[in-house]
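# Report on the structure
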Amino acid sequence: MADAEARRALKADLARFNGRVSQPDDPPLFTREPEPDVQSVHWRGRDLMPLLDRLGREVDLGAGGPRRTLRLHNPGLAFGTTHTFWGSIQVILPGEVATAHRHSANAFRFIMHGQGSWTNVDGECYPMNEGDLVLTPAGTWHDHVHKGSGPMIWLDVLDISLMRSLQATFFEPYSHPTTGNVQPVDAIPDRSLRQFGSGLMQPPRAPVKPGVNPLLAYSAAMAEAALTQAAGLTSDPLDDVVLEYRNPVDGGPAMRTMAMQLQRLRPGFQGQARRHTGSKLYYVVSGDGSTTVGDQRFDWRTGDFFTVAPWAWHAHSNGGTQEATLFQVNDTPVLKALGYYREETREETRPT
Ligand code: 1HN
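Residues numbered from 1 in each chain as written. Predicted model: local features only at pLDDT ≥ 70, side-chain atom pairs only at ≥ 80, totals over all residues. Heavy atoms only, no water.

It is worth spelling out the overall build of the protein chain at this point. Secondary structure summary: the protein chain contains six helices and 22 strands in total. Over its C-alpha atoms the protein chain spans a radius of gyration of 22 Å, differing by no more than 12% from the 20 Å that the globule rule assigns to 352 residues. Oriented by its inertia axes, the alpha-carbon framework of the protein chain measures out at about 80 × 55 × 50 Å. Classification of the 352 residues of the protein chain by burial places 47% in the buried group. (Helix = DSSP H or I, 4+ residues; strand = E, 2+ residues; numbered from the N terminus. Rg over C-alpha atoms; globule rule 2.2 N^0.38 Å. Buried < 20%, exposed > 50% of the residue type's maximum accessible area, 1.4 Å probe, protein only.)

Looking now at unusual backbone geometry. The phi torsion of most residues other than glycine is negative, and most of the peptide bonds are trans. Look at aspartate 122: it is not a glycine, yet its phi comes out positive at around 50 degrees. Tracing the backbone through its elements, the reader meets aspartate 122 in the loop between strand 6 (117-121) and strand 7 (124-128).

Attention now goes to the sheet that holds strand 8 (residues 133-136). Within the open sheet, the six strands sit side by side as 2-3-10-5-8-12. Their pairing is antiparallel. Two strands bound the open sheet, and with one partner strand each, they are strand 2 (69-71) and strand 12 (217-218). Relative to strand 10 (residues 152-158), strand 5 (residues 107-113) is paired through six bridges, and the arrangement is antiparallel. Bridge pairing in strand 10 places alanine 107 opposite leucine 158. (Pairing = 2+ DSSP bridges.)

The next point concerns the pairing of strand 17 (residues 288-293). Among the six residues that make up strand 17, five are buried, leaving the element largely enclosed by the rest of the structure. Bridge count for strand 17 against strand 18 (residues 296-301) is six bridges, and the pairing is antiparallel. The partner of valine 293 across the bridge, within strand 18, is glutamine 296. Linking strand 17 back to strand 18 in an antiparallel pair, the connection comprises two residues, with glycine 294 at a positive phi of about 55 degrees. Bridging between strand 17 and strand 20 (residues 314-317) involves four bridges; their strand directions are antiparallel. Within strand 20, the residue paired with threonine 292 across the bridge is alanine 315.

Here we take up the site of the ligand. In the vicinity of the ligand, the residues found are Arg67, Thr69, Ser88, Gln90, His101, His103, Arg109, His142, His144, Asp156, Leu158 and Ile160. At 3.3 Å, a side-chain N or O of histidine 103 approaches an oxygen atom of the ligand. Separating an oxygen atom of the ligand from a side-chain N or O atom of histidine 142 is a distance of 3.0 Å. If the ligand stood free it would expose 330 Å²; the protein chains cover 85% of that surface. Elements that contribute at least two residues to the shell around the ligand include exactly strand 3 (86-92), strand 4 (97-103), strand 9 (142-146) and strand 10. Counted by class, the shell around the ligand contains two nonpolar, seven polar and three charged residues. (Near = heavy atom within 4 Å. Polar contact = N/O pair within 3.5 Å; in protein donor to acceptor, adjacent residues only side chain to side chain. Areas by Shrake-Rupley, 256 points an atom, 1.4 Å probe, with all protein chains shown as cover. Nonpolar A, V, L, I, M, F, W, Y, C, P; charged D, E, K, R; others polar.)

The geometry of an aromatic ring pair is captured by the separation of the ring centres together with the interplanar angle, meaning the angle of the planes. Evaluation of the coordinates by the stated rule reveals eleven aromatic pairs. Look at tyrosine 283 and phenylalanine 305: their rings are 4.9 Å apart centre to centre, the planes differ by 35 degrees, and that puts the pair in the tilted class. Of the two residues, tyrosine 283 is situated in strand 16 (residues 280-286) and phenylalanine 305 in strand 19 (residues 305-308); the sequence distance between them amounts to 22 residues. One exposure class covers both tyrosine 283 and phenylalanine 305, and it is buried. Note on tryptophan 300 and phenylalanine 306: the rings are 6.4 Å apart at their centroids and 15 degrees apart in plane angle, and the pair reads as stacked. By relative accessible area, which is 0% here, phenylalanine 306 ends up buried. Pairwise contacts between aromatic rings join Phe108, Phe110, Tyr218, Tyr245, Tyr283, Phe305 and Phe327 into one cluster. Here the guanidinium or amino end of lysine 336 rests over the ring plane of tyrosine 341, the centre of that ring lying 4.6 Å away. (Phe/Tyr/Trp six-rings, centres within 6.5 Å; stacked < 30°, edge-to-face > 60°. Lys NZ or Arg CZ within 6 Å of the ring centre and 35° of its normal.)

The values are spatial; any link to function lies outside them.
Below, the structure written as structure tokens:
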């Protein structure tokens, strides 16, 4: 009893000086394995599309951004799609302008539907057509202008939750004396593509910053051609045909905090199960198939999204007769850079 009282007194005295007694088994400190709050979630395109249509008609592109987006919300979290990034679907209508700003979050867009929009990144202008990937790395000014005739829809992913947990949030709206809240376009509007777009040859004296990908856009046509070439390789036991969008200078991930992949699951493919630290979001570009995640099974089809929570066993399969194509973003570059990346695979195809 005396001991208990002494401990209470010690705790009270420590508290007065902003101290705490701490031991390794104090919740929420060490658990044997990750016990994520993030959930593995499946969003169906057939549920989202009518809502996106309504969003386009009922929500104005207001001030303060402006952006019109539907966020893929993870019910296990207060905010965000996973604990490191936010995935949102942006709707922009003909003639609309999403004015320029910059922030410390890294961001990219993967175009889902439509054509005729352009993103201006630090004065360079890149087309946004279905299947294109456009990067707006941390600190770059960016605005989107829709010059086409139908609505445009794309996936935006930003490492907002990571930036917030590191308490490193910066944001600035843009203003220019003649062009106002959009950026003027450079004389060479696609410089990064001209310098680095071949992926294989580069101007020897082009300035590059360590770890920062100088290439701002990856076209759907390039990705499709690369994937078709890779289909001639031996099938990857986890992912069948899979390629990562890479920094052409150092071979690293396309963004410092987020890696993106495109993969093709051919009919009859049954992938091995794996688990790893870090979180992922998939977007089904085309086709259908299924992914088992922990004790859930997501039967997905074109236009669907799903997340895989950290350390959840998961395996992909395509039991149909058509090829399926998945786009993926993950935060493993962060885990790898910090030494927190772990991965396991199982011979069996189904998680137990
Ligand atoms: C943002 O800046 C964009 O620049 C899109 O297009 C989506 C979601 C949350 C916060 C900022 C954009 C965003 C965003």
